[in-house]
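Chains, contacts and geometry: an overview
Given next are the chains, with one letter for each unit.
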Amino acid sequence: DTANATGMAQVYEELKQPDSAIYYAKIGLELATRKHFPPEMITCSSILARLYQETNAKLAYKYLRISSETKDILYSANRAKGRSRRAERSMRER
């Protein structure tokens, strides 16, 4: 599942085993994307961006963009929820 793949990618990154970390991060990113789970998408794409930074700038940029775009979407959604909640409270107080 997504959390297991992400966790394995993190462990292998810590152990300085980039091939295994990349393998699991790609699996985690694919599963998180299919399940529409932004936090895991951010984690996996960030791991991939770091791991490819030294060896493949094009892939590093690709995964950095995925991470950045996902953060933007998540942040925008959270801001919209906050505005909606404030508007609801304001209406109830009237």
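Residues numbered from 1 in each chain as written. Predicted model: local features only at pLDDT ≥ 70, side-chain atom pairs only at ≥ 80, totals over all residues. Heavy atoms only, no water.

On to the side chain of Thr-2, then. Note that Thr-2 resides in helix H1 (residues 2-14). With near-sequence residues (within four places) excluded, Thr-2 lies in contact with Gly-28, Leu-31, Ala-32, Lys-35 and Glu-40. (Helix = DSSP H or I, 4+ residues; strand = E, 2+ residues; numbered from the N terminus. Contact = heavy atoms within 4.5 Å.)

What follows concerns helix H2 (residues 18-34). Between its first and last C-alpha, H2 extends 24 Å over 17 residues, near the 24 Å set by a 1.5 Å rise per residue. Note on H2: the residue one or two positions beyond its end, His-36, has a positive phi of about 55°. (Expected span 1.5 Å × (residues − 1).)

Within the largest apolar cluster, 16 residues are counted, with the highest numbers of intra-cluster contacts made by Leu-29, Leu-48, Tyr-52 and Tyr-63. Of all the elements, helix H3 (residues 38-52) adds the most residues to this core, at seven residues. Setting aside its immediate chain neighbours within four residues, Leu-29 contacts Met-41, Cys-44, Ser-45, Leu-48, Tyr-63 and Ile-66. (Core = buried A, V, L, I, M, F, W, Y, C linked by side-chain atoms within 4.5 Å. Buried < 20%, exposed > 50% of the residue type's maximum accessible area, 1.4 Å probe, protein only.)

Shape is all these values report; function is a separate question.
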